[in-house]
Protein chains: 2
Amino acid sequence: MNYCSACAAPVELRIPDGDNLPRHVCGSCNTIHYTNPKVVVGCIPEWGDTILLCRRAIEPRYGYWTLPAGFLEDYETTIEGAARETREEALADVDIAELYTLINLPQINQVYVMFRGSLRERKYGAGEESLEARLCREEDIPWDEIAFPVVEQTLKLYFRDRRRGRFGTYTGDITRPADKWRDYQVRFLNGNGD
Amino acid sequence: MNYCSACAAPVELRIPDGDNLPRHVCGSCNTIHYTNPKVVVGCIPEWGDTILLCRRAIEPRYGYWTLPAGFLEDYETTIEGAARETREEALADVDIAELYTLINLPQINQVYVMFRGSLRERKYGAGEESLEARLCREEDIPWDEIAFPVVEQTLKLYFRDRRRGRFGTYTGDITRPADKWRDYQVRFLNGNGD
């Protein structure tokens, strides 16, 4: 941020009175421009013993598999957003059933909120940001071609829970050393919710 | 938003190519300025059969009681943020234990993420944004002086769960008609998580 979005004067990075973190403050109109992490919402769309995955048609991770998910929009609920992303990326209608994982990705300033959802009918396809969408059984999950650690972790928890017949809600952090994509650390509250 | 924060040229509100919502787009450098809902993080700080409430020293709802909570900061996890807000507003150290409620407030473009937490010691006080902090038993909760519906709902669920000896995780929306503060609607996924 270089300029004030309210009045176009240059901004300076300083700690406002009564605050304890540096903010971009306008030198002319004194507007304080706060920034905050973004929420990514998505779901695990279920159909019988399969779930719906999408193969990404965009960077990052072009060609890799993911769950439908994307940035929460202004004035939208996380529940609405998860259903919208599933429509957009997998051309599928879901009923959002339960919160499943809330995972912080502090290094990229995102909070992932993933739900479980039920496909309303066996109807899906590749949205604009997807190369294809596919219903996968557990044994068909392309574990070596999953786009993001947060999706891998969510899927691992999901299939473990499905085998034991009980779904929890899991909250944790994923962090990783710079430049080591696969070498990430996961820490959940309460040992994976058990 | 009137001006581009990157180059100070005027922005226009239009739907970018390949998008489906209007965004502020710079007419000069073409930067798209996305905006998104903000996350508010906080906790229910527990000490034996009491919980710690704060009385607000700031608007809105000056003088009303609330749980420690505030905006999630850049590059912070929701777990860290909940503990930080408790330190700042109630001068208390908590261990964040579990996610408790995730409540969408679409009308004010916020997502509340509230945890249960344990006070590390019986030590607390009024932070800069609080008039006082107080450990309350259920029978001492000032129900008519709770600052926000989202706090009231979280506390109602909490004491119900405590009486039955089992804590869930609850996800839902709170909406309300304009100008009717107390007349709000609550809708949880799965009938309050039961």
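Computed from a prediction, not measured in an experiment: that's the story for all the values here.

Caption draft 1: Representation of the environment of A:Ala8 within the structure. All names here are of chain A. With respect to the helices, strands and loops of the structure, alanine 8 is situated in the segment before strand S1 (11-14). Judged by the 18 C-beta atoms lying within 10 Å of it, alanine 8 is partly exposed. On a C-alpha basis, the gap between alanine 8 and proline 68 in space is 38 Å, while along the polypeptide they are 60 residues apart.

Caption draft 2: Molecular detail of the sheet that holds strand S3 (residues 32-33) of chain B. All names here are of chain B. On the basis of which strands lie adjacent, the open sheet formed by 3 strands has the order S1-S2-S3 and antiparallel pairing. The open sheet terminates on both sides in strands that have one partner only, identified here as strand S1 (11-14) and S3. For S1 and strand S2 (residues 23-26), the ladder comprises 4 bridges, and the chain directions are antiparallel. Bridge pairing in S2 places glutamate 12 opposite valine 25.

Caption draft 3: Molecular detail of helix H1 (residues 78-90) of chain A. An ideal rise of 1.5 Å per residue puts 18 Å on 13 residues; H1(A) measures up with 18 Å between its terminal C-alpha atoms. When H1(A) is considered as a whole, its buried residues turn out to be A:Thr78, A:Ile79, A:Gly81, A:Ala82, A:Ala83, A:Glu85, A:Thr86, A:Glu89 and A:Ala90.

Caption draft 4: Inspection of the interface of chain B and chain A at higher detail. With 36 residues of chain B at the interface, the matching set in chain A holds 36 residues. Within the residue set of the side of chain B that touches chain A, elements represented by two or more residues are strand S4 (38-47), helix H1 (78-90), strand S8 (94-105) and strand S11 (170-175) of chain B. The element contributing the most residues to the side of chain B that touches chain A is S8(B), with 6 residues. By residue class, the composition of the side of chain B that touches chain A is 19 nonpolar, 11 polar and 6 charged.

Caption draft 5: Representation of the environment of A:Phe115. All names here are of chain A. By the element assignment, phenylalanine 115 lies in strand S9 (residues 110-119). Assessed through the 28 C-beta atoms surrounding it within 10 Å, phenylalanine 115 is described here as buried. Sequence spacing of phenylalanine 115 and leucine 155 is 40 residues, and the spatial spacing of their C-alpha atoms is 11 Å. Once residues lying within four places of it in the same chain are set aside, the contact partners of phenylalanine 115 are Cys43, Ala82, Ile96, Ala97, Glu98, Leu99 and Tyr100.

Thresholds, definitions, all that
- Residues numbered from 1 in each chain as written.
- Chains lettered and ligands numbered in written order.
- Predicted model: local features only at pLDDT ≥ 70, side-chain atom pairs only at ≥ 80, totals over all residues.
- Helix = DSSP H or I, 4+ residues; strand = E, 2+ residues; numbered from the N terminus.
- Buried ≥ 20, exposed ≤ 12 C-beta atoms within 10 Å, placed from the backbone.
- Pairing = 2+ DSSP bridges.
- Expected span 1.5 Å × (residues − 1).
- Contact = placed C-beta atoms within 7 Å.
- Nonpolar A, V, L, I, M, F, W, Y, C, P; charged D, E, K, R; others polar.

By themselves, these observations are geometric and do not establish any function.
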